Amino acid sequence: MLYVTVLTVSLLGILLLFGARALLRNRNVRRFVRSIRQRFQMAEERGIQFVEEKRMFRPRKNPRASAIELQQVRSLVRQSEKALAQNRTEEAERLFIQALTVQPQALDVQAQLAKLYLTTGRENKAEALYKELLQHKQDVSFFANLGLAYYCQGKYIESCQAYQEALNREPQAPERSFALGRACIAARRYEEAASLLEKASQRLSRDTQLLHLLAECYMQLGHTDKAEETYRRINKLEPYDEEVKAKLLSLARV
(Lines give C-alpha, C1' and ligand atoms only; values in the text may rest on other atoms or scores of the structure.)
Protein backbone atom coordinates (compact mmCIF):
# COMPACT_ATOMS: atom_id res chain seq x y z
CA MET A 1 0.00 0.00 0.00
CA LEU A 2 2.92 2.29 0.81
CA TYR A 3 4.49 1.67 -2.61
CA VAL A 4 1.21 2.54 -4.35
CA THR A 5 0.96 5.80 -2.40
CA VAL A 6 4.57 6.78 -3.26
CA LEU A 7 4.04 5.92 -6.94
CA THR A 8 0.81 7.94 -7.06
CA VAL A 9 2.44 10.98 -5.43
CA SER A 10 5.42 10.77 -7.82
CA LEU A 11 3.10 10.56 -10.85
CA LEU A 12 1.10 13.57 -9.66
CA GLY A 13 4.35 15.51 -9.13
CA ILE A 14 5.51 14.76 -12.68
CA LEU A 15 2.16 15.78 -14.15
CA LEU A 16 2.20 19.02 -12.16
CA LEU A 17 5.73 19.75 -13.42
CA PHE A 18 4.80 19.21 -17.09
CA GLY A 19 1.63 21.25 -16.60
CA ALA A 20 3.59 24.13 -15.12
CA ARG A 21 6.06 24.05 -18.06
CA ALA A 22 3.23 24.00 -20.60
CA LEU A 23 1.52 26.92 -18.86
CA LEU A 24 4.75 28.91 -18.81
CA ARG A 25 5.38 28.17 -22.51
CA ASN A 26 1.84 29.28 -23.41
CA ARG A 27 2.32 32.47 -21.44
CA ASN A 28 5.58 33.16 -23.27
CA VAL A 29 3.91 32.51 -26.62
CA ARG A 30 1.02 34.85 -25.74
CA ARG A 31 3.48 37.49 -24.59
CA PHE A 32 5.41 37.18 -27.88
CA VAL A 33 2.20 37.44 -29.93
CA ARG A 34 1.11 40.50 -27.93
CA SER A 35 4.49 42.16 -28.57
CA ILE A 36 4.16 41.52 -32.32
CA ARG A 37 0.65 42.98 -32.34
CA GLN A 38 1.85 46.03 -30.42
CA ARG A 39 4.62 46.57 -32.98
CA PHE A 40 2.17 46.38 -35.87
CA GLN A 41 -0.17 48.81 -34.12
CA MET A 42 2.69 51.25 -33.49
CA ALA A 43 3.78 50.99 -37.12
CA GLU A 44 0.23 51.65 -38.35
CA GLU A 45 -0.03 54.67 -36.04
CA ARG A 46 3.14 56.05 -37.68
CA GLY A 47 1.51 55.74 -41.08
CA ILE A 48 3.53 52.77 -42.33
CA GLN A 49 1.67 50.67 -44.90
CA PHE A 50 2.33 46.98 -45.30
CA VAL A 51 2.22 45.85 -48.91
CA GLU A 52 1.38 42.26 -49.70
CA GLU A 53 4.18 40.49 -51.52
CA LYS A 54 3.38 39.60 -55.09
CA ARG A 55 5.23 37.28 -57.42
CA MET A 56 6.81 39.19 -60.29
CA PHE A 57 6.55 37.79 -63.79
CA ARG A 58 8.85 38.96 -66.60
CA PRO A 59 6.70 39.93 -69.53
CA ARG A 60 7.29 37.88 -72.63
CA LYS A 61 8.45 39.78 -75.66
CA ASN A 62 5.83 40.11 -78.35
CA PRO A 63 6.96 38.09 -81.42
CA ARG A 64 5.55 40.81 -83.66
CA ALA A 65 7.62 43.45 -81.84
CA SER A 66 10.74 41.29 -82.21
CA ALA A 67 10.14 40.97 -85.95
CA ILE A 68 9.74 44.74 -86.27
CA GLU A 69 12.98 45.31 -84.36
CA LEU A 70 14.82 42.83 -86.59
CA GLN A 71 13.54 44.61 -89.67
CA GLN A 72 14.67 47.96 -88.26
CA VAL A 73 18.15 46.61 -87.55
CA ARG A 74 18.48 45.16 -91.06
CA SER A 75 17.42 48.46 -92.59
CA LEU A 76 19.92 50.42 -90.49
CA VAL A 77 22.74 48.00 -91.35
CA ARG A 78 21.98 48.30 -95.07
CA GLN A 79 22.09 52.09 -94.77
CA SER A 80 25.39 51.96 -92.86
CA GLU A 81 26.96 49.62 -95.43
CA LYS A 82 25.89 52.00 -98.18
CA ALA A 83 27.41 54.92 -96.25
CA LEU A 84 30.67 52.97 -95.86
CA ALA A 85 30.80 52.29 -99.61
CA GLN A 86 30.65 56.07 -100.11
CA ASN A 87 33.31 56.71 -97.42
CA ARG A 88 30.80 58.39 -95.09
CA THR A 89 32.28 56.75 -92.00
CA GLU A 90 30.71 59.08 -89.42
CA GLU A 91 27.25 58.41 -90.80
CA ALA A 92 27.95 54.66 -90.89
CA GLU A 93 29.09 54.74 -87.26
CA ARG A 94 25.93 56.60 -86.22
CA LEU A 95 23.72 54.08 -88.02
CA PHE A 96 25.52 51.08 -86.47
CA ILE A 97 25.09 52.59 -83.00
CA GLN A 98 21.43 53.26 -83.74
CA ALA A 99 20.99 49.62 -84.73
CA LEU A 100 22.58 48.52 -81.46
CA THR A 101 20.17 50.66 -79.45
CA VAL A 102 17.37 48.64 -81.05
CA GLN A 103 19.08 45.28 -80.49
CA PRO A 104 22.07 45.63 -78.09
CA GLN A 105 23.00 41.93 -78.41
CA ALA A 106 23.29 41.92 -82.22
CA LEU A 107 26.81 40.41 -82.49
CA ASP A 108 27.10 40.90 -86.24
CA VAL A 109 26.40 44.62 -85.86
CA GLN A 110 28.91 44.90 -83.01
CA ALA A 111 31.49 43.15 -85.20
CA GLN A 112 30.90 45.57 -88.08
CA LEU A 113 31.22 48.56 -85.76
CA ALA A 114 34.41 47.15 -84.23
CA LYS A 115 35.90 46.67 -87.71
CA LEU A 116 34.94 50.25 -88.59
CA TYR A 117 36.82 51.49 -85.53
CA LEU A 118 39.82 49.31 -86.38
CA THR A 119 40.06 50.56 -89.97
CA THR A 120 39.62 54.24 -89.03
CA GLY A 121 42.40 54.47 -86.46
CA ARG A 122 40.29 54.10 -83.31
CA GLU A 123 42.00 50.98 -82.06
CA ASN A 124 41.11 51.56 -78.41
CA LYS A 125 37.39 51.45 -79.22
CA ALA A 126 37.93 48.41 -81.44
CA GLU A 127 39.78 46.68 -78.59
CA ALA A 128 36.88 47.27 -76.18
CA LEU A 129 34.30 45.96 -78.65
CA TYR A 130 36.30 42.84 -79.60
CA LYS A 131 36.77 42.00 -75.92
CA GLU A 132 33.00 42.28 -75.47
CA LEU A 133 32.35 40.12 -78.54
CA LEU A 134 34.72 37.40 -77.35
CA GLN A 135 32.69 37.01 -74.15
CA HIS A 136 29.82 35.78 -76.31
CA LYS A 137 31.56 34.11 -79.28
CA GLN A 138 35.10 32.72 -79.59
CA ASP A 139 35.48 33.59 -83.27
CA VAL A 140 38.93 33.38 -84.87
CA SER A 141 38.50 36.71 -86.67
CA PHE A 142 37.70 38.43 -83.38
CA PHE A 143 40.98 37.19 -81.88
CA ALA A 144 42.92 38.21 -85.00
CA ASN A 145 41.39 41.70 -85.09
CA LEU A 146 41.92 42.13 -81.37
CA GLY A 147 45.57 41.22 -81.94
CA LEU A 148 45.80 43.92 -84.62
CA ALA A 149 44.12 46.48 -82.35
CA TYR A 150 46.70 45.72 -79.65
CA TYR A 151 49.56 45.84 -82.17
CA CYS A 152 48.55 49.27 -83.48
CA GLN A 153 48.53 50.59 -79.90
CA GLY A 154 51.99 49.21 -79.15
CA LYS A 155 50.64 46.54 -76.78
CA TYR A 156 52.85 43.84 -78.27
CA ILE A 157 52.64 41.22 -75.49
CA GLU A 158 48.83 41.37 -75.55
CA SER A 159 48.97 41.30 -79.35
CA CYS A 160 51.01 38.08 -79.27
CA GLN A 161 48.49 36.49 -76.92
CA ALA A 162 45.49 37.38 -79.11
CA TYR A 163 47.25 36.26 -82.31
CA GLN A 164 48.24 33.00 -80.60
CA GLU A 165 44.58 32.31 -79.85
CA ALA A 166 43.76 32.90 -83.52
CA LEU A 167 46.58 30.57 -84.61
CA ASN A 168 45.40 27.89 -82.17
CA ARG A 169 42.06 27.89 -83.97
CA GLU A 170 43.54 27.94 -87.49
CA PRO A 171 46.99 26.32 -87.15
CA GLN A 172 47.35 25.70 -90.90
CA ALA A 173 46.57 29.27 -91.98
CA PRO A 174 49.85 31.01 -92.98
CA GLU A 175 48.32 34.43 -92.36
CA ARG A 176 47.93 33.56 -88.67
CA SER A 177 51.60 32.54 -88.39
CA PHE A 178 52.62 35.70 -90.27
CA ALA A 179 50.65 38.00 -87.96
CA LEU A 180 51.93 36.31 -84.79
CA GLY A 181 55.50 36.35 -86.12
CA ARG A 182 55.32 40.09 -86.79
CA ALA A 183 53.98 40.71 -83.26
CA CYS A 184 56.78 38.56 -81.80
CA ILE A 185 59.41 40.68 -83.59
CA ALA A 186 57.84 43.82 -82.12
CA ALA A 187 57.94 42.13 -78.67
CA ARG A 188 61.62 41.18 -79.30
CA ARG A 189 60.86 37.48 -79.25
CA TYR A 190 63.04 36.73 -82.26
CA GLU A 191 63.41 32.95 -81.91
CA GLU A 192 59.64 32.48 -81.91
CA ALA A 193 59.24 34.98 -84.72
CA ALA A 194 61.78 33.21 -86.96
CA SER A 195 60.04 29.85 -86.57
CA LEU A 196 56.61 31.34 -87.30
CA LEU A 197 57.74 33.36 -90.31
CA GLU A 198 59.66 30.41 -91.78
CA LYS A 199 56.48 28.36 -91.59
CA ALA A 200 54.40 31.13 -93.16
CA SER A 201 56.94 31.70 -95.97
CA GLN A 202 56.48 28.13 -97.19
CA ARG A 203 52.92 29.02 -98.24
CA LEU A 204 53.42 32.76 -98.84
CA SER A 205 56.67 32.43 -100.75
CA ARG A 206 56.10 35.56 -102.86
CA ASP A 207 55.14 37.86 -99.99
CA THR A 208 58.11 40.25 -99.86
CA GLN A 209 56.86 42.00 -96.71
CA LEU A 210 56.98 38.68 -94.89
CA LEU A 211 60.46 37.92 -96.31
CA HIS A 212 61.77 41.32 -95.20
CA LEU A 213 60.60 40.60 -91.65
CA LEU A 214 62.18 37.14 -91.77
CA ALA A 215 65.51 38.58 -92.97
CA GLU A 216 65.39 41.22 -90.21
CA CYS A 217 64.70 38.49 -87.68
CA TYR A 218 67.73 36.50 -88.86
CA MET A 219 69.90 39.59 -88.57
CA GLN A 220 68.75 40.14 -84.97
CA LEU A 221 69.65 36.53 -84.18
CA GLY A 222 73.03 36.83 -85.87
CA HIS A 223 72.19 34.28 -88.60
CA THR A 224 73.78 36.28 -91.43
CA ASP A 225 73.86 33.34 -93.83
CA LYS A 226 70.11 32.82 -93.53
CA ALA A 227 69.52 36.57 -93.77
CA GLU A 228 71.56 36.70 -97.02
CA GLU A 229 69.63 33.76 -98.45
CA THR A 230 66.32 35.48 -97.64
CA TYR A 231 67.43 38.77 -99.22
CA ARG A 232 68.36 36.81 -102.37
CA ARG A 233 64.81 35.44 -102.47
CA ILE A 234 63.52 39.02 -102.25
CA ASN A 235 65.94 40.14 -104.96
CA LYS A 236 64.55 37.53 -107.36
CA LEU A 237 61.03 38.82 -106.75
CA GLU A 238 61.99 42.52 -106.79
CA PRO A 239 65.22 42.82 -108.81
CA TYR A 240 65.08 46.64 -108.87
CA ASP A 241 64.97 47.12 -105.10
CA GLU A 242 68.19 49.05 -104.45
CA GLU A 243 67.92 48.69 -100.67
CA VAL A 244 67.95 44.90 -100.97
CA LYS A 245 70.96 45.05 -103.28
CA ALA A 246 72.80 47.21 -100.75
CA LYS A 247 72.06 44.75 -97.95
CA LEU A 248 73.28 41.83 -100.07
CA LEU A 249 76.49 43.72 -100.82
CA SER A 250 76.99 44.47 -97.14
CA LEU A 251 76.42 40.85 -96.14
CA ALA A 252 78.84 39.63 -98.81
CA ARG A 253 81.59 41.63 -97.08
CA VAL A 254 80.94 40.03 -93.68
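Source: prediction; values computed, not measured.

Caption draft 1: Highlighting the overall build of the protein chain. The helix and strand inventory of the protein chain stands at 12 helices and 0 strands. Ordered by position in the sequence, the α and β elements of the protein chain form the string α-α-α-α-α-α-α-α-α-α-α-α. Expressed as a percentage of its 254 residues, the buried residues of the protein chain come to 31%. Restricting to contacts in the protein chain with at least 6 residues of sequence separation, those with at least 24 account for 39%.

Caption draft 2: Representation of the nonpolar core. Counting residues in each nonpolar core, the largest one holds 30 residues, and the members touching the most others are Phe178, Leu180, Ile185, Leu197, Leu210 and Tyr231. For this core, the secondary structure elements donating two or more residues are helix H7 (156–169), helix H8 (174–186), helix H9 (190–203), helix H10 (208–221), helix H11 (224–237) and helix H12 (242–252). The element contributing the most residues to this core is H10, with 7 residues. Ignoring sequence-local partners within four residues, the contact set of Leu197 consists of Phe178, Gly181, Arg182, Ile185, Leu210, Leu213 and Leu214.

Caption draft 3: Inspection of the state of the cysteines at higher detail. Counted according to the given criterion, the structure contains 0 disulfides. The thiol of Cys184 is not disulfide-bonded; the next cysteine sulfur, from Cys160, is found 4.0 Å away.

Caption draft 4: Structural view of H8. Taking 1.5 Å of rise per residue, the 13 residues of H8 would be expected to cover 18 Å, and the 19 Å separating its terminal C-alpha atoms lies within 8% of that figure. Among all positions of H8, only Pro174, Arg176, Ser177, Phe178, Ala179, Leu180, Gly181, Ala183, Cys184 and Ile185 are buried. Taken together, the buried residues of H8 touch helix H6 (140–152), H7, H9 and H10. Backbone geometry just after H8 places Arg188 at a positive phi near 65°.

Caption draft 5: Quick look at the packing of helix H4 (residues 107–119) against helix H5 (residues 123–134). Viewed as axis vectors pointing N to C, H4 and H5 meet at an angle of 155°, and their least axial separation amounts to 8 Å. Taken together, the axes of H4 and H5 lie roughly antiparallel to each other. The handedness of the crossing between H4 and H5 comes out as left-handed. Contact residues: Leu107, Gln110, Ala111, Leu113, Ala114, Lys115, Tyr117 and Leu118 in H4; Glu123, Lys125, Ala126, Leu129, Tyr130, Glu132 and Leu133 in H5. Of the residues that constitute the contact of H4 with H5, the class distribution is 10 nonpolar, 1 polar and 4 charged.

Caption draft 6: Spatial organisation of unusual backbone geometry. The phi dihedral of Asn87 is positive, around 60°, even though this residue is not glycine. Residue placement: Asn87 occurs in the loop between helix H2 (63–85) and helix H3 (89–102). On the basis of relative accessibility, which here comes to 66%, the residue Asn87 falls in the exposed class. Positive phi, normally seen in glycine, also occurs at Arg188, with a value near 65°. Looking at the secondary structure, you find Arg188 in the loop between H8 and H9.

Caption draft 7: Geometry of the packing of aromatic side chains. Taken as a whole, this structure holds 2 aromatic pairs when the rule is applied. Arranged with centres 6.1 Å apart and planes meeting at 45°, the rings of Tyr130 and Phe142 form a pair that is tilted. Taken as a pair, Tyr130 in helix H5 and Phe142 in helix H6 lie far apart in primary sequence, 12 residues in all. A single burial state applies to Tyr130 and to Phe142, both of which are buried. Just above the ring of Tyr151 sits the side chain of Arg182; from NZ or CZ to the centre is 4.6 Å.

Caption draft 8: Broad picture of H11. For H11, with 14 residues, the first-to-last C-alpha span of 20 Å sits near the 20 Å given by 1.5 Å per residue. Turning to H11, its buried residues are Ala227, Thr230, Tyr231 and Ile234. The arc that holds every buried residue of H11, seen down its axis, measures 100°, which confines them to one face. The outward face of H11, more than 90 degrees from its buried face, is lined by the exposed residues Asp225, Glu229 and Lys236. Buried positions along H11 lie against H10 and H12.

Definitions and cut-offs
- Residues numbered from 1 in each chain as written.
- Predicted model: local features only at pLDDT ≥ 70, side-chain atom pairs only at ≥ 80, totals over all residues.
- Heavy atoms only, no water.
- Helix = DSSP H or I, 4+ residues; strand = E, 2+ residues; numbered from the N terminus.
- Buried < 20%, exposed > 50% of the residue type's maximum accessible area, 1.4 Å probe, protein only.
- Contact = heavy atoms within 4.5 Å.
- Core = buried A, V, L, I, M, F, W, Y, C linked by side-chain atoms within 4.5 Å.
- Disulfide = S-S within 2.5 Å.
- Expected span 1.5 Å × (residues − 1).
- Axes fitted to C-alpha atoms, helices over the stretch in contact; angles between N-to-C directions.
- Parallel < 35°, antiparallel > 145°, perpendicular 65-115°, else oblique.
- Left-handed = near helix turned anticlockwise from the far one by under 90°.
- Nonpolar A, V, L, I, M, F, W, Y, C, P; charged D, E, K, R; others polar.
- Phe/Tyr/Trp six-rings, centres within 6.5 Å; stacked < 30°, edge-to-face > 60°.
- Lys NZ or Arg CZ within 6 Å of the ring centre and 35° of its normal.
- Arc of directions from axis to C-beta.

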